[in-house]
Amino acid sequence: ISPALVQWSFLLCGSLGFVLLWQAAKLIDRLWWHPRRLERALRAQGLHGTSYRFLVGDVVDYERRSKAAPSRSMPLRCHNIAPLVAPLLHDIVREHGKACISWFGPYPKVTISDPDLTKEVMSNKFGHFEKLKFPALSRLLAGGVATYEGEQWVKHKRILNPAFHLEKLKLMMPAFSTCCQELVSRWTLSLGSDGTYEVDACPEFQRLSGDVISRTAFGSNYAEGARIFQLQSVQTPRLLARVKKIIIPGYLSLPTKNNRRMSEINNEIESILLNLIRKRMQAMQEGENTKNDLLGLMLESNMRGTDENGQCISGMTIDEVVEECKLFYFAGTETTSILLTWTMVILSMHPEWQDRAREEVLGLFGKNKIEHEGFARLKTV
């Protein structure tokens, strides 16, 4: 073997070893030293909470406590759901205060349960509050304005805001009414000979909120949006079941059977949304008035250079529109359907309030459709 070849081999092995050591040092810093520095900085600001544990943080405790919680019972008419819904977080807040630290893997999370601080965060218009960042997770579930910060968050908020103005919401009333009538009609047709029918309210309200979102936000009907809801309902538990592994760097990129299936689900969701977007863009090019819903506003942003206040903005890309659609379907359906279901539970706990609310609605509107102007008079409801 020539001396030159030996030298080259030595240099190559040395370079490779240096690169591996460099990457190992970066990984150790990311998984140990950086979280520890952040923990010291947060504690120096007066925040308290759990201590960082290498790689996993509080994830193992979170999973263990969440599995054990449903086995505990709740007294009838009790509203104290926090210990069952979020047992670990509930105990951390109780022990460490209304602004406290917990850990999602190597990432610190500051939880705020103080109403004044919460109001400050939620009403902030600049998007300066940092959010946990899991790009692979956001890609498979939903990204959009919920994951953005800073100028990107401000831009998307400006584009989306007009969809929630009072005048726009008034235009949605007929769609709300139609969706609710269809739900009640379906229940009525299911009544047995004794005039009763047992309903599992949660999936019914998931379908209702999904139908409303499809019609009011995207100008489609439930049949077109049903496949998206179905796919997202499969995707979410797949991700949650692997919450411990998500924190491992690069795990969601591994070609496991579950990861491949989650990618297939995401690709199908995006394909359906792209088809919906293409149809809407064609309608807009043909001169149809499609600016009254969320999708129309997002696509219109690509055709103009200013927002509602006359400020110059760049529009959303098609990929960004897809992400906002995924987020709106996912977040809107879940939150609204759960709120409606819990409302039914509480009305069942307190039938006297059912009677009062029913009397108020019938007294003000009779059998007529409810108009927007009448909402202000519904004090009990």
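Under an unreviewed UniProt entry, the name given to the protein is Cytochrome P450, and the source organism is Aegilops tauschii subsp. strangulata. A UniProt comment under Subcellular location (unreviewed entry) is attached to the protein, and it reads "Membrane".

Draft legend 1. Summary view of the overall build of the protein. Of the regular secondary structure elements, the protein holds 15 helices and three strands. Its C-alpha atoms give the protein principal-axis dimensions of roughly 95 × 60 × 45 Å. Here the analysis covers contacts within the protein between residues at least 6 apart in sequence; of these, 62% occur between residues at least 24 apart. As displayed, the protein offers around 23600 Å² of accessible surface, 61% of which is attributable to carbon and sulfur atoms. The centroid of the 48 positive side-chain charges in the protein is displaced by 5 Å from the centroid of its 41 negative side-chain charges.

Draft legend 2. View of the nonpolar core. Counting 31 residues, the largest nonpolar core has Phe218, Leu273, Leu295, Met298, Val321, Cys325 and Tyr329 as the members making the most contacts within it. Those elements giving two or more residues to this core turn out to be α7 (150–160), α9 (201–218), α10 (222–240), α12 (257–285), α13 (294–300) and α14 (318–349). Dropping the residues within four chain positions of it, Leu273 is found in contact with Ile228, Val322, Cys325, Lys326 and Tyr329.

Draft legend 3. Geometry of the pairing of strand β2 (residues 99–104). Among the six residues of β2, five are classified as buried, and the element is accordingly described as predominantly covered. Sheet analysis places strand β1 (residues 48–49) next to β2, joined by two bridges and oriented parallel. Across the sheet, residue Gly49 finds its bridge partner in β2, namely Ile101. Of the strand pairs in this sheet, β2 and strand β3 (residues 107–112) are connected by six bridges, and their pairing is antiparallel. Across the sheet, the residue bridging to Ala99 is Ile112, located in β3.

Draft legend 4. Molecular detail of the environment of Val85. Within the secondary structure layout, Val85 lies in helix α3 (residues 82–85). With a relative accessible area of 62%, Val85 lands in the exposed category. Taking the C-alpha atoms as reference, Val85 lies 39 Å from Gly315; in sequence the two are 230 residues apart.

Draft legend 5. Focus on the packing of aromatic side chains. Enumeration according to the criterion identifies seven aromatic pairs in this entry. Between Trp32 and Trp33 the ring centres are 6.4 Å apart and the planes differ by 70°, which places this aromatic pair in the edge-to-face class. Taken together, a centroid distance of 5.9 Å and an interplanar angle of 50° make the contact between Phe164 and Phe328 tilted. One end of the pair, Phe164, is in the loop between α7 and α8 (166–189); the other, Phe328, is in helix α14, with 164 residues separating them in the sequence. Through successive ring pairs, a cluster of aromatic residues spans Trp32, Trp33, Tyr52, Phe54 and Trp103.

Draft legend 6. Up close: the pattern of salt bridges. Enumeration over the complete set of coordinates arrives at 19 salt bridges. One salt bridge connects Glu320 with Lys155, and the closest N-O pair in it is separated by 3.7 Å. Of this pair, Glu320 sits in helix α14 while Lys155 sits in helix α7, placing them 165 residues apart in sequence. Of the two residues, Glu320 and Lys155, neither departs from the other in class, the shared state being buried. When the shortest N-O distance is used, the salt bridge between Glu264 and Arg261 registers 3.4 Å. Of the two residues, Glu264 and Arg261 both sit in helix α12, three residues apart, roughly one turn of that helix. Taking the relative accessible area as the measure of exposure, Arg261 reaches 30% and is therefore partly exposed.

Draft legend 7. Looking closely at the confidence of the model for the protein. Mean pLDDT for the protein: 85, with 91% of residues reaching 70 or above. When pLDDT is averaged over each helix and strand of the protein, the minimum, 70, is found for helix α11 (residues 243–246) and the maximum, 95, for β1.

Cut-offs used in this document
Residues numbered from 1 in each chain as written. Predicted model: local features only at pLDDT ≥ 70, side-chain atom pairs only at ≥ 80, totals over all residues. Heavy atoms only, no water. UniProt positions renumbered as here; feature names shortened; annotations may be inferred. Helix = DSSP H or I, 4+ residues; strand = E, 2+ residues; numbered from the N terminus. Contact = heavy atoms within 4.5 Å. Areas by Shrake-Rupley, 256 points an atom, 1.4 Å probe, with all protein chains shown as cover. Lys, Arg positive; Asp, Glu negative; His and termini not counted. Charge placed at Lys NZ, Arg CZ, Asp CG, Glu CD. Core = buried A, V, L, I, M, F, W, Y, C linked by side-chain atoms within 4.5 Å. Buried < 20%, exposed > 50% of the residue type's maximum accessible area, 1.4 Å probe, protein only. Pairing = 2+ DSSP bridges. Phe/Tyr/Trp six-rings, centres within 6.5 Å; stacked < 30°, edge-to-face > 60°. Salt bridge = Lys/Arg side-chain N within 4 Å of Asp/Glu carboxyl O. pLDDT = per-residue confidence, 0-100.

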